[in-house]
Structure formats: structure tokens, C-alpha cells
Amino acid sequence: EYRHRYLLGATYRIDGSSRFSKNNRYIGFPSLSAGWRLSEESFLKNASWIDEIKLRGSIGFSGNNSASSYYGSQGQYILNNNNLSYAGVQILQMAQPENPNLKWERTRSVDAGLDVSLWAGRLKITADYYERRIKDMILPSAIPLYQGWTLQPQNIGDMVNNGVELM
């Protein structure tokens, strides 16, 4: 905060998950927020009916690893009965194919808003525009049946939510 007018905040965090291969295990998530209290500027400071007028905005990134099964990037094997051979003979069979390219789902959130308080708090208005964009969603994807299975988790989905909120 500078002169009770200008607001700025920033963070950076690194997350890691054993659900992904070593090349995609760690990812950084930055965020930035800023605000401007217009009501503290000299051209509005003496208006007694204005308590606060503030413009604000933010952008931040986060991730999701829970959409992937444990060790979803690694091949998995099971012991299975061999129906083509003698009864009781078990074979080692692949249960899940390896996907070393599987990575974190990433979310970008953007928000821009206006906060207004007038006449000693008798009237308060908040307006927000938001957008949330998810990239690389982990979803089961069909793969060729000749590989011995039909689905594999892959980063194939994208989604956007946005809107306006008024209070």
C-alpha cells in the first residue's frame, strides 16, 4: 500500500506432485493484484458524501493434480489369469499405459472490480467481471484398441467460465 491510495500484491508458489513424470512434476503459479482508491485522490478527498471508491483487478494461476489417478503418468501392471493356457497360470498384464506427457491442469483467474461506498455506508455497490480459464484438463481419452486397453488419462480439455456480478 502506498499513500493509502495504491495497492499492489504479488505471490509466486511452486507445487509438486508425484502423480506426474519427473519432467512435469513441478509447476509455478504466480498471481498479481492491484487497486486504486480514487476516493483518496485530491479531486475526490473533500467530497463528504463519498466514503470509498476503489478500482481493483487481479490475475492468478493455480493448478489441479487430483484429476489424475495416483501415478497416472506411469504404466501399471497387474497379475491376471491366462485364459489361453493351463488353469491357475497367471501372467503379468499391463493395466494402464504409460503417459509421460501427462501434466498439471492449469487455471487462470482474472477479476476486475469496482467498490463504492457512499453516505456513511448507507449505499454500497460492488461490481465484478470475472473469467476463469482451465487448460489441459485431465480427461480419459480413447486410444487404439490394438494397444490392449481403450482409455488413457490425457490433457485434452479446456473450459472457460466468465460473468458479471453486481451487489
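Coordinates for the structure precede this section.
As the structure is a computational prediction, the values presented were derived from the model and not from experiment. (Residues numbered from 1 in each chain as written. Predicted model: local features only at pLDDT ≥ 70, side-chain atom pairs only at ≥ 80, totals over all residues. Heavy atoms only, no water.)

(A) Representation of the sheet that holds strand 1 (residues 6–16) within the structure. With antiparallel pairing, the 6 strands of this open sheet are ordered in space as 1-2-3-6-7-8. With partners counted over all chains shown, the strands left at the sheet margins are strand 1 and strand 8 (151–166), one partner each. Across the sheet, the mean angle from the axis of one strand to that of its neighbour is 10°, orientation sign disregarded. The pairing of strand 6 (residues 105–118) with strand 7 (residues 123–142) spans 13 bridges and is antiparallel. Bridge assignment links aspartate 115 to a residue of strand 7, and that residue is threonine 126. (Pairing = 2+ DSSP bridges. Helix = DSSP H or I, 4+ residues; strand = E, 2+ residues; numbered from the N terminus. Axes fitted to C-alpha atoms, helices over the stretch in contact; angles between N-to-C directions.)

(B) Structural detail: the pairing of strand 3 (residues 50–64). As defined by bridge partners, strand 2 (residues 26–37) adjoins strand 3 across 7 bridges and the pair is classed as antiparallel. Note that in strand 3 the partner of serine 31 across the bridge is glycine 60. For strand 3 and strand 6, the ladder comprises 14 bridges, and the chain directions are antiparallel. Counted as the bridge partner of glutamate 52 is serine 117 from strand 6.

(C) Main features of the pattern of salt bridges. Overall, the coordinates contain 11 salt bridges when judged by the stated rule. Among the ionic pairs, arginine 13 bridges to aspartate 15, the shortest N-O distance being 2.8 Å. Across the salt bridge formed by aspartate 115 and arginine 56, the nearest N and O atoms sit 2.8 Å from each other. Residue aspartate 115 is found in strand 6, and its partner arginine 56 is found in strand 3; the two are separated by 59 residues along the sequence. One network of salt bridges, in which partners are shared, links Arg56, Asp111, Asp115 and Asp128. (Salt bridge = Lys/Arg side-chain N within 4 Å of Asp/Glu carboxyl O.)

(D) The arrangement of unusual backbone geometry in detail. The phi dihedral of tryptophan 119 falls on the positive side, at around 50°, and the residue is not glycine. By the secondary structure assignment, tryptophan 119 is in the loop between strand 6 and strand 7. By relative accessible area, tryptophan 119 is classed as partly exposed at 44%. Phi is positive for alanine 120, close to 55°, though the residue is something other than glycine. Within the secondary structure layout, alanine 120 lies in the loop between strand 6 and strand 7. (Buried < 20%, exposed > 50% of the residue type's maximum accessible area, 1.4 Å probe, protein only.)

(E) Highlighting a nonpolar patch on the surface. A cluster of nonpolar side chains, namely Tyr2, Tyr6, Trp36, Phe43, Leu55 and Leu114, defines an oily patch on the protein surface of about 580 Å² accessible area. Note on placement: leucine 114 falls in strand 6. Classification of leucine 114 as partly exposed rests on a relative accessible area of 31%. (Patch = residues over 30% accessible without salt bridge, like charges linked within 9 Å, V, L, I, M, F, W, Y side chains within 5 Å. Areas by Shrake-Rupley, 256 points an atom, 1.4 Å probe, with all protein chains shown as cover.)

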